[in-house]
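Residues per chain, in single letters:
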Amino acid sequence: MANQRLSTQFISARGHEYFCEIDEEYLTDRFNLTGLQQEVQYYQYALDLVTDVFDFECEDEVREQIEKSARHLYGLVHARYIITTRGLAKMLEKYKKCDFGRCPRVLCRSHPLLPLGLSDLAQQKSVKLYCAKCEDVYSPKSSRHASIDGAYFGASFPHILFQVYPGLIPPKSNERYTPKCFGFKTHAQAALVRWQEGEREKQDRRLGEAGMDVRRVEGGDEDESEEEPGR
């Protein structure tokens with residue numbers, strides 16, 4: 001970690017493109033870290049490492065655990081930071097540059113995505129990507145991104161961003177894929193008829209198993225059922 005702050009090294013690492021750098025003033029304000037002591041092992045050492053004041057001689061194994069805790073702490077603080085005015089502005093710039101990718105849905109026309117956690121609790125769900133146009137969520141394409149904890153972004157971030165910047169809310173599209181055969185739309189009535197025929201066949205089988213004789217009325221939609229002779 002020498003010669004480079006952990007926060008800078010963290011966001012520059014491959015697979016961490018979704019993260020923004022947290023301002024040092026935010027990291028050093030203990031109020032912003034309230035409640036994280038119980039969630040992070042080696043909390044004080046991890047905080048010292050994140051804020052670049054770590055000065056503790058230890059074995060490599062312990063150092064590795066502290067660095068792991070520091071990365072976890074940074075992620076948890078990141079979820080809080082990105083819903084602040086400064087954090088939203090940084091994430092907005094990344095959103096405009098499509099740093100989070102584009103919607104894989106064809107009819108969304110490559111609309112940019114935003115990272116989203118399905119849970120605010122750590123180690124519950126990995127990060128997903130939210131499309132404001134179709135209002136659906138998707139898994140990241142990269143396995144590196146897919147392994148990121150969703151709690152490092154939180155379940156509210158995209159929606160807070162659009163509340164602060166309502167002008168960015170895209171118009172909802174009513175365009176939907178239309179099934180066609182040789183250029184002709186498949187008629188919804190045809191699907192209904194197929195379903196009705198399937199239900200009739202099921203009913204006929206049940207009546208047959210019950211010993212009922214089923215006769216169709218030619219040209220009609222009704223059945224005539226009667227018991228077999230001798231029953």
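Residues numbered from 1 in each chain as written. Predicted model: local features only at pLDDT ≥ 70, side-chain atom pairs only at ≥ 80, totals over all residues. Heavy atoms only, no water.

Labelled according to an unreviewed UniProt entry, the chain appears under the name Casein kinase II subunit beta, originating from Discina gigas. Per its UniProt entry, the chain bears the Function (unreviewed entry) comment "Regulatory subunit of casein kinase II/CK2. As part of the kinase complex regulates the basal catalytic activity of the alpha subunit a constitutively active serine/threonine-protein kinase that phosphorylates a large number of substrates containing acidic residues C-terminal to the phosphorylated serine or threonine." Quoted verbatim from the Subunit (unreviewed entry) heading of the UniProt record, the comment on the chain is "Tetramer of two alpha and two beta subunits." (UniProt positions renumbered as here; feature names shortened; annotations may be inferred.)

**Let's talk about the overall build of the chain**
Each helix and strand counted, the chain has 8 helices and 7 strands in total. Counting over 231 residues, the chain shows a buried share of 35%. A separation threshold of at least 6 residues defines the contact pool for the chain, and within that pool the share at least 24 residues apart is 54%. Summed over all atoms, the accessible surface of the chain reaches about 14,800 Å², with 48% contributed by carbon and sulfur. (Helix = DSSP H or I, 4+ residues; strand = E, 2+ residues; numbered from the N terminus. Buried < 20%, exposed > 50% of the residue type's maximum accessible area, 1.4 Å probe, protein only. Contact = heavy atoms within 4.5 Å. Areas by Shrake-Rupley, 256 points an atom, 1.4 Å probe, with all protein chains shown as cover.)

**Notes on the pattern of salt bridges**
Between side chains of opposite charge, pairing is possible as soon as their charged atoms come close. This structure, assessed with the given rule, holds 8 salt bridges. Across the salt bridge formed by K202 and E199, the nearest N and O atoms sit 3.6 Å from each other. A residue pair is termed a helical-turn pair when its members lie 3 or 4 positions apart in one helix, as K202 and E199 do in helix 8 (residues 188–209) at 3 residues. The structure contains a network of salt bridges with shared partners spanning D23, R86 and K90. (Salt bridge = Lys/Arg side-chain N within 4 Å of Asp/Glu carboxyl O.)

**Some words on the nonpolar core**
Of all hydrophobic cores here, the largest spans 46 residues; its most connected members are L73, V77 and F153. Elements with a contribution of two residues or more to this core: helix 2 (24–27), helix 3 (43–50), helix 4 (60–81), helix 5 (85–96), strand 1 (114–116), strand 2 (128–131) and helix 7 (157–164). No other element matches helix 4, which puts 7 residues into this core. Once you skip the residues sitting within four places of it in the chain, V77 turns out to touch I22, Y26, L27, L33 and L36. (Core = buried A, V, L, I, M, F, W, Y, C linked by side-chain atoms within 4.5 Å.)

**Some words on the packing of helix 5 against helix 7**
Where helix 5 contacts helix 7, the two axes come as close as 11 Å, and the packing angle between them is 95°. When the axes of helix 5 and helix 7 are compared, the pair comes out roughly perpendicular. Contact residues: helix 5 offers L88, M91, L92 and Y95, while helix 7 offers F157, I160, L161, F162 and V164. The residue makeup of the contact of helix 5 with helix 7, split by class, is 9 nonpolar, no polar and no charged. (Axes fitted to C-alpha atoms, helices over the stretch in contact; angles between N-to-C directions. Parallel < 35°, antiparallel > 145°, perpendicular 65-115°, else oblique. Nonpolar A, V, L, I, M, F, W, Y, C, P; charged D, E, K, R; others polar.)

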